[in-house]
Amino acid sequence: MSPTSEKLFNSPRLAALGLLCVAMVWGATFVLTHHVLESYPVFAFLGWRFLIATISFGLLCAKPLMRSLANLHRPSLNIALFAGVFLSLGYIFQTYGLIPATQGGTTPARAAFITGLYVVLVPLSQFLLSKQRPSPGIFFGIIFAMIGLWFLSGLGSDSGQSYWVWGDTMVVICSVAYTIHMLILGRADESYSTVLMTFIQLTIVTLICASMSVVTHEHASFPQGFEIWSAIIICGVFASAFAFAIQTWAQQVMVPARVALILVSEPAFGGIFGWFAAGFVLRHELIGSTLMLGAMILSELWGIEKTTTEPSLEGPIVMIDDQ
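These lines cover the structure that appears in this document, whether it is placed above or below. Within each chain, residue numbers correspond to sequence positions counted from 1 in written order. Reporting in this predicted model follows two pLDDT cut-offs: at least 70 for local features of residues, and 80 or more for side-chain atom pairs to be given and counted; totals over whole chains, interfaces and linings ignore these cut-offs and use all residues. The side-chain figures draw on all heavy atoms in the structure; neither hydrogens nor water molecules are used.

## Details of the packing of aromatic side chains
Phase 1 of the analysis: Two rings from Phe, Tyr or Trp (for Trp, the six-membered ring) form a pair when their centres are within 6.5 Å of each other. A pair whose planes differ by under 30 degrees is stacked, one over 60 is edge-to-face, and the rest are tilted. Inspection of the entire model under this criterion finds eight aromatic pairs.
Phase 2 of the analysis: A ring pair is formed by Phe43 and Tyr96, whose centres lie 5.5 Å apart and whose planes are at 70 degrees; its orientation type is edge-to-face. Taken together, the positions of Phe43 in helix H3 (residues 42-60) and Tyr96 in helix H5 (residues 74-97) put the pair 53 residues apart, joining distant regions of the chain.
Phase 3 of the analysis: Centre to centre, the rings of Trp48 and Trp229 are 5.8 Å apart; their planes meet at 70 degrees, and the pair counts as edge-to-face. Placement of Trp48 in helix H3 and of Trp229 in helix H11 (residues 226-253) is noted, with a sequence separation of 181 residues between them.
Phase 4 of the analysis: Given the relative accessible area of 23%, Trp229 is considered partly exposed.
Phase 5 of the analysis: Through successive ring pairs, a cluster of aromatic residues spans Phe43, Tyr96 and Trp166. Numbering of helices and strands starts at the N terminus; helices are DSSP runs of H or I of at least 4 residues and strands are runs of E of at least 2. We call a residue buried when its accessible area falls under 20% of the maximum for its residue type, exposed when it is over 50%, and partly exposed in between, using a 1.4 Å probe and counting protein chains only.

The following block contains the structure:
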């Protein structure tokens, strides 16, 4: 790798831009997944999605993946395996939250907004583990994010979706799983192979979801129709393979709190796509998305680099100061 390429690879700003693109893609998939689940079961959809993701990622990164397999070491394997398990749980609970409303599911917009709870859970969990006070930017970012999530969720509003449903609870559990996943990946540094860790995690999610499809006796036929296949391909290639690779790489050059606060824009993007699909926008959702984007910008501008250190591979799964 040339000095210029290495500098770009280790650039937190480039990683932040990549994460913003990831958040946009993830935001778009809420509506897409919600529609597919009206005619296709959860585990079968996730199994096909991550099978496509694993294959496409393996083909795109064949050469670096083979080199990484030759240098596989136990610490990176352990991190990838544990991260893959919690990533699986996150996707499973989130997807179950998006089942049709007649079965207790929530709306795509609410699912996107509630998923954003990890921006609060990551700093709070780190504070409990490290006993170190969050930086001012993180602290006020959390406050803005919490207020924004309240508005975005519709709770306390006069909208028809102001009540809590079973799907909302599933998505809350999803946000907890994503929090743990993010903290686990925070233990990896630049010496760990991003390509290999990504491939292992995608493989784990594929195996878990495919196995659960069999265990739960889902009677899913081979995917048919443009809508189902387009959702599987878009979610598998763009929202899983590429997006997950970017997130895993960004974890190596950025602390988890900053990653979480950038990805908090995902609910806002989810709201935007939801508003576009619905053809209208609710005032409380617009206020909430503005507050959450404000939380991200505030935390980015208020001296995160001065008050944080990079993740350490020693000791418990904690980051220093910023959580």
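That covers the picture; the talk isn't over yet.
## Observations regarding the packing of helix H10 (residues 194-215) against H11
Phase 1 of the analysis: Running from amino to carboxyl end, H10 crosses H11 at an angle of 130 degrees, the nearest separation of the two axes being 9 Å. As judged from the angle between their axes, H10 and H11 are oblique. For the pair H10 and H11, the crossing hand works out as right-handed. Along its contact with H10, which presents Thr194, Met197, Thr198, Gln201 and Leu202, the element H11 presents Ser240, Ala241, Phe244, Ala245, Thr248, Trp249 and Gln252.
Phase 2 of the analysis: Residue classes in the contact of H10 with H11 are distributed as six nonpolar, six polar and no charged. Here an angle of 0 to 180 degrees is reported between the N-to-C directions of two axes, which are lines fitted to C-alpha atoms, with helices fitted over the stretch in contact. Note on terminology: angles under 35 degrees are roughly parallel, angles over 145 are roughly antiparallel, angles of 65 to 115 are roughly perpendicular, and the others are oblique. Handedness of a crossing is defined here by the sense of rotation of the near helix relative to the far one, left-handed for an anticlockwise turn of less than a right angle and right-handed for a clockwise turn. In what follows, residue pairs with any heavy atoms lying within 4.5 Å of each other are defined as contacts. The classification used treats Ala, Val, Leu, Ile, Met, Phe, Trp, Tyr, Cys and Pro as nonpolar, Asp, Glu, Lys and Arg as charged, and all other residues, Gly among them, as polar.

## Brief notes about helix H2 (residues 12-36)
Phase 1 of the analysis: Its 25 residues give H2 an end-to-end C-alpha distance of 36 Å, which sits within 8% of 36 Å, the value for a rise of 1.5 Å per residue.
Phase 2 of the analysis: Along its length, H2 reaches its greatest deviation from straightness, about 25 degrees, at Phe30. Here the expected length of a helix is defined as 1.5 Å per residue gap, with one fewer gap than residues. Bend at a residue means the angle formed by two fitted axes: the first through the 7 residues ending at that position, the second through the 7 residues beginning there.

## Looking at the packing of helix H7 (residues 118-130) against helix H9 (residues 166-185)
Phase 1 of the analysis: Packing of H7 against H9 leaves a shortest axis separation of 9 Å and a crossing angle of 50 degrees. Compared by their axis directions, H7 and H9 come out oblique. Our pair here, H7 against H9, has a crossing hand that is right-handed. Contact residues: Tyr118, Leu121, Val122, Ser125 and Gln126 in H7; Ser175, Val176, Thr179, Met182 and Leu183 in H9.
Phase 2 of the analysis: Residue composition of the contact of H7 with H9, grouped by class: six nonpolar, four polar and no charged.

## Remarks on H7
Note on helix geometry: an α-helix contains 3.6 residues per turn, so any two residues three or four positions apart are oriented the same way.
Phase 1 of the analysis: With 13 residues, H7 should cover 18 Å at 1.5 Å per step; its first-to-last C-alpha distance of 18 Å lies within 8% of that length.
Phase 2 of the analysis: Where H7 is concerned, the buried positions are Tyr118, Val119, Val120, Val122, Pro123, Ser125, Gln126 and Ser130.
Phase 3 of the analysis: Count one or two residues on from H7 and you reach Lys131, which has phi positive near 60 degrees.

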